[in-house]
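# Secondary and tertiary structure notes
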Amino acid sequence: MAPEYAMEGLYSVKSDVFSFGVLLLEIIAGKRNSGFYLSDHGQSLLVYSWKLWCEGECLELVDPILENTYIRSEVIRCIHIGLLCVQEDAIDRPTMSTVVVMLASETMTLPNPNHPAFSVGRKFGKEDESTSKTSKDNISVNEVSMSNVFPR
């Protein structure tokens, strides 16, 4: 779901572009975005894709089942387009018609993507001493918000 829709209820044609970008990255990775944080990577598919892109290792994203059955340049181009579609700011995302042109053209120069939306990731593993006691006392199911219940 596009961040502007999730956070503010704003819907536009760029919301569909965001969803298409997520779908494209899901197809390449062979994993769904929802639940990806449960994998060994401890972060969302978008964050993981962005991290690999920045490190120049984006082909590590490709589903191992596809090993040796794809053209490297085409997959890198698709990852690039996927990252352009999931940029945090809707203004930076291309339109769907531009995405179609990008996918059809091998010679079109693509702009550099900006970081994707919701690039906060999740932390798993050992906690430091200062936060472990607090987090045990105040448990939040979704790790996003914390509610304190007080009787009236």
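Predicted model, so just to flag it, every value in this text is computed and none were measured. (Residues numbered from 1 in each chain as written. Predicted model: local features only at pLDDT ≥ 70, side-chain atom pairs only at ≥ 80, totals over all residues. Heavy atoms only, no water.)

With that settled, consider the confidence of the model for the protein chain. Of all residues in the protein chain, 64% have pLDDT values of 70 or greater, and the mean over the chain is 77. The low-confidence segment residues 119–136 (pLDDT under 50) makes 14 contacts with residues lying over four places distant or belonging to another chain. (pLDDT = per-residue confidence, 0-100. Contact = heavy atoms within 4.5 Å.)

This brings us to the environment of Asp63. Along the chain, Asp63 turns up in the loop between helix 3 (45–54) and helix 4 (72–85). Expressed as a C-alpha distance, the spacing of Asp63 and Gly30, which sit 33 residues apart in the sequence, is 5.1 Å. (Helix = DSSP H or I, 4+ residues; strand = E, 2+ residues; numbered from the N terminus.)

It is worth spelling out helix 2 (residues 13–29) at this point. With 17 residues, helix 2 ought to run about 24 Å at 1.5 Å a step, and its terminal C-alpha atoms sit 25 Å apart, in line with that. Those residues of helix 2 that fall on the buried side of the exposure criterion are Lys14, Ser15, Val17, Phe18, Gly21, Val22, Leu24, Leu25, Ile28 and Ala29. Residue Gly30 follows helix 2 closely and has a positive phi angle near 70°. (Expected span 1.5 Å × (residues − 1). Buried < 20%, exposed > 50% of the residue type's maximum accessible area, 1.4 Å probe, protein only.)

Attention now moves to the packing of helix 4 against helix 5 (residues 96–104). In contact at an axis separation of 10 Å, helix 4 and helix 5 are set at 165° when each is read in the N-to-C sense. Our classification of the angle between helix 4 and helix 5 gives roughly antiparallel. Of the two elements, helix 4 crosses helix 5, and the hand of that crossing is right-handed. Between helix 4, through Arg77, Cys78, Ile81, Leu84 and Cys85, and helix 5, the contact on the second element is made entirely by Val99, Met102 and Leu103. Here the residues of the contact of helix 4 with helix 5 are counted per class, giving 7 nonpolar, no polar and 1 charged. (Axes fitted to C-alpha atoms, helices over the stretch in contact; angles between N-to-C directions. Parallel < 35°, antiparallel > 145°, perpendicular 65-115°, else oblique. Left-handed = near helix turned anticlockwise from the far one by under 90°. Nonpolar A, V, L, I, M, F, W, Y, C, P; charged D, E, K, R; others polar.)

So, on to helix 3. In terms of burial, helix 3 is a largely internal element, 7 of the 10 residues being buried. Residues of helix 3 that are buried: Leu45, Leu46, Val47, Tyr48, Ser49, Trp50 and Leu52.

The subject of this paragraph is the packing of helix 2 against helix 4. Packed helices, taken two at a time, are described by the angle between their axes plus the distance between the axes. Close contact between helix 2 and helix 4 brings their axes to 7 Å; oriented N to C, the two are set at 145°. Crossing handedness for the pair helix 2 and helix 4: left-handed. On the side of helix 2, the interface is formed by Val17, Phe18, Phe20, Gly21, Leu24, Leu25 and Ile28, while helix 4 contributes Val75, Cys78, Ile79, Ile81, Gly82, Leu83 and Cys85.

Here we take up the environment of Cys58. Among the secondary structure elements, Cys58 is positioned in the loop between helix 3 and helix 4. Note on Cys58: relative accessible area 8%, which makes it buried. C-alpha separation for the pair Cys58 and Ile79, spaced 21 residues apart in sequence, amounts to 7.5 Å. Excluding residues within four positions of it along the chain, Cys58 makes contact with Leu52, Trp53, Ile76 and Ile79.

Another point: the side chain of Gln87. Structurally, the position occupied by Gln87 is in the loop between helix 4 and helix 5. A polar atom in the side chain of Gln87 sits 2.9 Å from the backbone oxygen of Asp92. (Polar contact = N/O pair within 3.5 Å; in protein donor to acceptor, adjacent residues only side chain to side chain.)

Our next topic: the nonpolar core. Within the largest apolar cluster, 27 residues are counted, with the highest numbers of intra-cluster contacts made by Leu25, Ile28, Leu61, Ile79, Ile81 and Val86. Of all the elements in the fold, those that place two or more residues in this core are helix 2, helix 3, helix 4 and helix 5. Considering each element in turn, this core owes the most residues, 7 residues, to helix 2. Once residues lying within four places of it in the same chain are set aside, the contact partners of Ile28 are Leu61, Val62, Asp63, Leu66, Val75, Cys78 and Ile79. (Core = buried A, V, L, I, M, F, W, Y, C linked by side-chain atoms within 4.5 Å.)

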